[in-house]
Every structure is written in C-alpha cells, then in structure tokens.
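# Inside the fold
If you want the building blocks of each chain, they are given just below.
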Amino acid sequence: MDDLTTWLWSHRQKRGRDGVWRDALTLYQNGVRVRFVFRAGAPDSGRWTTEGGYWYEGCVGDDRGNLLNLREPGVVRALVEAAGRRALLPGPGGRPVELDGWELFPAVVAAADG
C-alpha cells in the first residue's frame, strides 16, 4: 500500500447464525471488498470482542492487555498493510475476501504500538 491508496471502511458487530458474536471491519476499494472478521472466543481463549455491547464498541482485545479500536484510521491502515505483506489482499477486480482478523492481530498490535 502506498500513501495515495484510499480505502473506504465500515465496522459492524453482529451475532452469526451459530450464535457467536463477530466484530467485522469491511474495506472497499475500486469495487473490491475485504472483510477482517474477529470472532468472539471461548472464555478461556484470551480473545474478546464487544459481543453486542456498546462499551468499547469496535474494539477487540486479548488477555495480555492489547486492544485495537477497529474504527481508528491507524489500526485500519495497519490491518491493510499486514494483509498486504502476506499477499492476502485481492488485486483489482478480485473476488471479495474474508480474513480471520485474529491471525493479523499480533502484527497490528506491534504496528500500533510502534
């Protein structure tokens, strides 16, 4: 990604048909859609989402005290950059992609702290 690339994004929290809450960050660029999904974990997973609440809405975190606000531009940029480094982003005209946000979480936390 370069400094001229523009993505539009939105955040949504939703309970899936399986009853599990998800925080999803969806990005759009030139007709291409990329969705980063953070599924709520089991109580002992060390991962948490907002699970439908409004307190810390849009945030995901872990039991080590790391917190990402999925509505902050710097966090969105770090997610896109981490996915780009792993070649997970579709090219122009590509099909919509859904990515497990937890796989990118450590890299994004490191970028956000730096």
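Use the structure listed above.
Anyway, here's the lowdown on the structure attached to this text. (Residues numbered from 1 in each chain as written. Predicted model: local features only at pLDDT ≥ 70, side-chain atom pairs only at ≥ 80, totals over all residues. Heavy atoms only, no water.)

A word on the sheet that holds strand β3 (residues 32–39). The strand order across the open sheet built from four strands is β1-β2-β3-β7, with neighbouring strands paired in mixed fashion. The open sheet has two edge strands, β1 (8–15) and β7 (97–100), and neither has a second partner. This sheet shows a mean twist of 20 degrees between the axes of neighbouring strands, independent of strand direction. Across eight bridges, strand β2 (residues 21–29) lies against β3 in antiparallel orientation. Looking at β3, one finds that Gln 29 is bridged to Val 32. Strand contacts of helix α2 (residues 101–113): β3 and β7, with the helix running at about 85 degrees to β3, the strand carrying the most contacts. (Pairing = 2+ DSSP bridges. Helix = DSSP H or I, 4+ residues; strand = E, 2+ residues; numbered from the N terminus. Axes fitted to C-alpha atoms, helices over the stretch in contact; angles between N-to-C directions. Contact = heavy atoms within 4.5 Å.)

To continue, consider the packing of aromatic side chains. If you walk through the whole model with that rule in mind, you get two aromatic pairs. Their ring planes at 85 degrees and their centres at 5.2 Å tell us that Phe 38 and Trp 102 sit as a pair that is edge-to-face. Of this pair, Phe 38 sits in strand β3 while Trp 102 sits in helix α2, and the two are 64 residues apart along the sequence. Seen from their ring centres, Trp 102 and Phe 105 are 5.1 Å apart, and the 55 degrees between their planes marks the pair as tilted. Remark: Phe 105 and Trp 102 occur in helix α2; sequence separation between them is three residues, near one turn of the helix. Of the residues examined, Phe 105 reaches a relative accessible area of 4% and is grouped as buried. (Phe/Tyr/Trp six-rings, centres within 6.5 Å; stacked < 30°, edge-to-face > 60°. Buried < 20%, exposed > 50% of the residue type's maximum accessible area, 1.4 Å probe, protein only.)

A few words now on the nonpolar core. Residues Phe 36, Phe 38, Leu 79 and Val 108 are the most contacted members of the largest nonpolar core, which totals 23 residues. Put simply, the parts of the chain that give this core at least two residues each are β2, β3, α1 (73–85), β7 and α2. Examining the composition of this core, we find that seven residues originate from one element, α1, more than from any other. Ignoring anything within four residues of it in the chain, the contact list for Leu 79 reads Leu 25, Phe 36, Phe 38, Leu 70, Leu 104 and Val 108. (Core = buried A, V, L, I, M, F, W, Y, C linked by side-chain atoms within 4.5 Å.)

The next thing to look at is the side chain of His 11. Along the chain, the position of His 11 falls in strand β1. Discounting chain neighbours no more than four positions away, the residues touching His 11 are Asp 23, Ala 24, Glu 57, Gly 58, Leu 70 and Arg 71.

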